[in-house]
Structures are given as structure tokens and as C-alpha cells.
Amino acid sequence: ARMSETELVNLIFLPGFSTTDKVTTLSGRGVGMEVVKTSIEKIGGIAEIQSRRGQGTTVRIRIPLTLAIIPALLVTSGGDRYAIPQASVLEIVRLEGDQRRSRMEWLHDAPACRLRGELLPLIYLNHEFKVEEKVQRTDNQSINLLVLRADKRKFGLVVDAIEDTDEIVAKPLGRHLKGIGVFSGATIMSDGKVALILDVLGISRKAGEADVMPESGQKPLPSVSEEPPDVRDGLLIVRHGKEKRVGITLSQVARVEEFARSLIENSSLRQVVQYRGSIMPLIRLGQVLGEDSHVPDEGKANIQAVVYCNRGRSVGLVVDQVIDIVEAPVTISRNDQIHGISGSAIVQGRVIDLVDARAVIEAVEPGFFDQSEAA
């Protein structure tokens, strides 16, 4: 039910998917479109479908102009050289020490980079290929980040070094190597050495969002950052109670979800929902802050929850309404005397309190951070 129209349409590319009621000698087995997509991707192409009810369907197939010579970007990782087709490279970013610390976050147990308001999942090539870095990095050192596109999805690939661009002659891999999935071919460079050509889509599938890990020796980025005097990541403005507005820093927010009340269950005298294959406890924000005993809009069929994640565990802060997102930096005034509130700020001409998400969660789930950090 949460899939977009594009994701629903792309179901026809899945092996075995069929809309027919009968299987004949010619059709009904769900093989044709899957073979088409696989064959197009093998030559570096992309198959896309857009469909609107009552308007029609558009099928786009993009293939390289030439299958022999490919413009490629040469990179080095773990002491080895690789080629990446330039058609998959959207951008090259170099993150210096301070910039690296401010833009990189830890989301759903995986590193990500905030780039112009967009959160990109990161894949470390050394980790995927299980090789050690020749030079061990520290948190102050810069990293080379390639923004790549794979099947309409973007992600960041971290490599040791970026060398140059070149036009390469692609050679197919032998049968015993085709099953690896992360290489689309090989090429012989001008110095006589062989460089493998990376399959961007294959690397994305192999890593997966939940399996992306940082380079060896790097400590996981914390889920909650200690807020500076000004909040630079912006605020999520929510309402609890009839009129009370509060702000939650966006760096503490993983997702905003809406759940049907029928999905709420009771476990160990607390309310929970099944969320992404696990049990997620729900915390009513207004009750923890002690400002009212209001139960969020009992008349509504759904509830809204701000999902907070820390090292693979999730908890939902239930609010009455998500009002707005304020991305501009705001200056806060500290107030450490109120439980669950880290300070206050003037936002959109109104004074609002800023929620200390960690304190709120610890008040109801005392072992949440201990278990998460131990994991």
C-alpha cells in the first residue's frame, strides 16, 4: 500500500510476475519482461515504464550509443583500479574534515550523507569488496564521494581516489566471473594493466540500504548529535494537545509515519505497532512532557508518529499533528530545568519549545539506548 506508482508499475519486471489468468504455450509465465530488462541492463541500458490510467503507457529504453567504447571515470580503491561508466555518474563530491562530520549521519543502522537537502545512502567500496585501505583515515581527513544513479535511485559511493576520465573498450567477463554481479566487464588500460568495470546497479543491489557499512576503523556516527547553540539542520514542528507546538530537530527524525489505530497493540503494558519486521514501542509525547493527559484525536482513524532510530532500534513519538518543516537555522535559548525540553526558540514568529528526544525516550524506555549502543 505504501509503494509509489512507479514501484507498482515496475512489478511487471519481476521474474514470475504475470497478470494473466491462464498459462499458455506462449504467455502467462511472467518471464518476458524480466528477460527484456535483464538483457538491456547487461549492455548498460535502462528500461522505464510510465503509465496513467485513462491516458496511456510510455515505455522508454535507453541504451549506449556504442557498446564497444564507453566514456568512464577511473577510480582507485584498496590499491586496485576500477572503471565506472560516466552515464551512471551524476556528481563528484569531496568532503573535507569539518564538512564530512557535519554532512554525514547514521540512519537506519547505515551511514548517509546530506547533500543539498537530500539524504543519500552511502556504500564504501572497500567494505563491499572486503579489502583494507592502504592509508587508514581519521575523522579529520577528506573522503571522495561519487553520486551515482542506479535504476532511478541515487546513492553515494566512497572510494580512495579519483584518477581521471577515459574512453575504454569494454571486454566481456568469462563465464566463471559473470555470476559475481558487481562487474559488467573489464578493460585494458594504456599502461597494459586490466581494470574491472563496475556494475553500478549490481553494487547497489548487493549492498542494500540495510547492509551499507562504514569503512574499516570508522566509528558509527551517532544517531543524536549534541545540539549547538543554533540548530542548523532545521526543525520538524508538531502539535500535541489542543494548541501546544514543539520542535524536534530533523537530525533526530528518521521518518514520519501514519498508523491506523487498528494496528496498535498492547505488549508489556505499553502500546506498540509492528514496523518493518520488528516491534516498535509508541510514546505519547504530551503525556511524557506532563503538560496534559490528552489522548491524540481519538476520533481519527489514524495516528501520526515521529520515528526515532538508534543503531537498528526504533521508537515512535506519537503527536496530534505534524505541522511544518523549518529548514532555516534557528537560535535556541537553553533551558535545562524542564524535563524533556532542551530549550526554546522563535520560529515563524512564535516561541516554541524544543524537544529533547533522548530524555523523552529514556523516561519511558530506560534501556533503549543501552541496548542500542551495546548492539
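Residues numbered from 1 in each chain as written. Predicted model: local features only at pLDDT ≥ 70, side-chain atom pairs only at ≥ 80, totals over all residues. Heavy atoms only, no water.

Caption draft 1: Spatial organisation of the sheet that holds strand E18 (residues 265-267). Pairing is mixed across the open sheet formed by six strands, whose spatial order is E17-E21-E22-E20-E19-E18. Each having just a single partner strand, strand E17 (255-260) and E18 make up the two edges of the open sheet. When strand polarity is set aside, the average angle formed by the axes of neighbouring strands in this sheet is 45 degrees. Two strands pair when backbone bridges link them, and E17 and strand E21 (residues 302-310) are joined in this way by six bridges, in the antiparallel orientation. Looking at the pairing, Phe-259 lines up with Ile-303 of E21. (Pairing = 2+ DSSP bridges. Helix = DSSP H or I, 4+ residues; strand = E, 2+ residues; numbered from the N terminus. Axes fitted to C-alpha atoms, helices over the stretch in contact; angles between N-to-C directions.)

Caption draft 2: Molecular detail of the side chain of Asn-126. Among the secondary structure elements, Asn-126 is positioned in helix H4 (residues 125-128). Of note is the side chain of Asn-126, whose polar atom sits 3.1 Å from the backbone nitrogen of Gly-78. A polar side-chain atom of Asn-126 sits 3.0 Å from a polar atom in the side chain of Asp-160. (Polar contact = N/O pair within 3.5 Å; in protein donor to acceptor, adjacent residues only side chain to side chain.)

Caption draft 3: Fine view of the packing of aromatic side chains. According to the stated counting rule, one finds four aromatic pairs in the structure shown. Seen in terms of ring centroids, Tyr-82 and Phe-129 are 5.4 Å apart; in terms of plane orientation they differ by 55 degrees. Their pairing is tilted. A residue pair is termed long-range when its members are at least 10 positions apart, and Tyr-82 in strand E4 (residues 80-85) and Phe-129 in the loop between H4 and strand E9 (143-150) qualify at 47 residues. Accessibility classification places Tyr-82 together with Phe-129 in one group, the buried group. An aromatic cluster of at least three residues, connected via ring pairs, comprises Tyr-82, Phe-129 and Phe-183. The positively charged end of Lys-37 is found above the aromatic ring belonging to Phe-13, 5.7 Å away from the centroid. (Phe/Tyr/Trp six-rings, centres within 6.5 Å; stacked < 30°, edge-to-face > 60°. Buried < 20%, exposed > 50% of the residue type's maximum accessible area, 1.4 Å probe, protein only. Lys NZ or Arg CZ within 6 Å of the ring centre and 35° of its normal.)

Caption draft 4: Representation of the pattern of salt bridges. Counting across every chain of the model gives eight salt bridges. A salt bridge links Asp-353 to Lys-244; the shortest N-O distance between them is 3.1 Å. Remark: Lys-244 occurs in strand E16 (residues 244-249) and Asp-353 occurs in strand E26 (residues 350-355); sequence separation between them is 109 residues. Judged by relative accessible area, Asp-353 falls into the buried class, the value being 18%. Its relative accessible area of 29% is what places Lys-244 among the partly exposed residues. Where Arg-358 meets Glu-362, a salt bridge forms, and the shortest distance between an N and an O atom there is 3.4 Å. Of this pair, Arg-358 and Glu-362 both sit in helix H8 (residues 357-364), separated by four residues, roughly a single helical turn. Residue Arg-358 is classed as partly exposed on the basis of its relative accessible area, which comes to 29%. Within the structure, one salt-bridge network assembled from shared partners comprises Arg-81, Glu-163 and Asp-191. (Salt bridge = Lys/Arg side-chain N within 4 Å of Asp/Glu carboxyl O.)

Caption draft 5: The environment of Thr-76, seen in detail. Counting through the fold element by element, Thr-76 comes out in strand E3 (residues 69-77). A relative accessible area of 16% means that Thr-76 is categorised as buried. On a C-alpha basis, the gap between Thr-76 and Ile-162 in space is 6.3 Å, while along the polypeptide they are 86 residues apart. In this structure Thr-76 touches Arg-81, Val-159, Asp-160, Ala-161 and Glu-163, once residues within four positions along its chain are discounted. There is a polar contact of 2.7 Å between the side chain of Thr-76 and the side chain of Glu-163. (Contact = heavy atoms within 4.5 Å.)

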